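# A look at the structure
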Amino acid sequence: NAGVMQNPRHLVRRRGQEARLRCSPMKGHSHVYWYRQLPEEGLKFMVYLQKENIIDESGMPKERFSAEFPKEGPSILRIQQVVRGDSAAYFCASSPSGSNSPLHFGNGTRLTVT
Amino acid sequence: SQKIEQNSEALNIQEGKTATLTCNYTNYSPAYLQWYRQDPGRGPVFLLLIRENEKEKRKERLKVTFDTTLKQSLFHITASQPADSATYLCALPMDYGGATNKLIFGTGTLLAVQP
């Protein structure tokens with residue numbers, strides 16, 4: 001059973017470019033969560049999605065960031081016009097249900113903005 | 001809003017001893033509390049979940065306690081091994097009552113087990 005797959009593992013972008021981070025949840029999981037981890041800081045919730053729906057995007061910056069989880073294919077976190085402050089590790093997690101179950105995390109995408 | 005406090009100082013112990021890590025929260029008592037392990041360059045891995053009506057949960061060498069009066073959870077690793085060296089994260093549901101799996105995470109405590 002494949003776990004949560006994230007790609008790319010490392011992504012380097014220049015300021016102003018777009019970053020696209022992909023996440024394939026565990027088989028049978030329809031709930032996806034994106035978290036951001038800055039050095040020396042904890043994981044910060046960004047967005048919670050179910051298939052084709054954004055359930056909660058309260059942790060995501062209103063500008064430049066968007067997320068989707070289409071009916072077919074992986075979940076995508078898109079960051080437009082990246083800035084240096086976007087450099088971080090972005091983790092995706094999935095769960096089989098919407099409550100009372102642990103999160104299964106991928107190994108993250110490390111975004112570096114130069 | 002809910003805040004989690006974990007000891008930011010690294011915990012160094014000798015192999016074979018019991019490691020005890022602390023997680024304190026500041027606001028309402030959560031419906032459950034989870035512990036994760038994170039190794040450098042990897043995503044967190046789920047270890048244990050304890051619910052508000054449970055005082056203690058065990059899994060092999062791991063034990064978690066949950067004291068809603070003290071607003072605290074303790075995480076114990078008995079007979080620790082160098083392979084247990086990692087950062088351990090405490091996590092609570094962001095929603096009161098734990099209606100969703102959205103979690104708030106502590107910054108973690110780095111455990112180093114010396115051989």
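Residues numbered from 1 in each chain as written. Chains lettered and ligands numbered in written order. Predicted model: local features only at pLDDT ≥ 70, side-chain atom pairs only at ≥ 80, totals over all residues. Heavy atoms only, no water.

### Examining the pairing of strand 7 (residues 65-68) of chain A
Residue and element names in this part refer to chain A. Only one face of strand 7 is covered, namely the one carrying Phe65 and Ala67; the face carrying Ser66 and Glu68 has none of its residues buried. With 4 bridges connecting them, strand 7 and strand 8 (residues 75-79) associate as antiparallel partners. Along strand 8, the bridge assignment pairs Glu68 with Ile76. Where strand 7 folds back onto strand 8 in an antiparallel hairpin, the turn is made up of 6 residues, including Gly73, whose phi is positive at roughly 100 degrees. (Buried < 20%, exposed > 50% of the residue type's maximum accessible area, 1.4 Å probe, protein only. Helix = DSSP H or I, 4+ residues; strand = E, 2+ residues; numbered from the N terminus. Pairing = 2+ DSSP bridges.)

### With respect to the sheet that holds strand 3 (residues 19-24) of chain A
Residues and elements named next belong to chain A. Ordered in space as 1-3-8-7, the 4 strands form an open sheet in which the pairing is antiparallel. Edge strands, defined here as strands with exactly one partner in the open sheet, are strand 1 (5-7) and strand 7. Within the sheet, the average angular offset between the axes of one strand and its neighbour, ignoring direction, is 15 degrees. (Axes fitted to C-alpha atoms, helices over the stretch in contact; angles between N-to-C directions.)

### Re the interface of chain B and chain A
Counting residues at the interface gives 22 residues for chain B and 23 residues for chain A. Area buried by chain B at its contact with chain A is led by Asn101(B), Lys102(B) and Phe105(B), which between them contribute 34% of it. Taken together, the connections running from chain B to chain A amount to 1 salt bridge. Close ionic contact of Asp56(A) with Lys102(B) constitutes a salt bridge, the shortest N to O distance being 2.1 Å. Of all the secondary-structure elements, those providing two or more residues to the side of chain B that touches chain A are strand 4 (32-38), strand 5 (45-51) and strand 10 (103-105) of chain B. At 4 residues, strand 4 of chain B tops the list of elements feeding residues into the side of chain B that touches chain A. Broken down by class, the residue content of the side of chain B that touches chain A amounts to 10 nonpolar, 9 polar and 3 charged. (Contact = heavy atoms within 4.5 Å. Buried area = accessible area lost by both parts, 1.4 Å probe. Salt bridge = Lys/Arg side-chain N within 4 Å of Asp/Glu carboxyl O. Nonpolar A, V, L, I, M, F, W, Y, C, P; charged D, E, K, R; others polar.)

Note that all results are geometric; they support no functional claim without further evidence.
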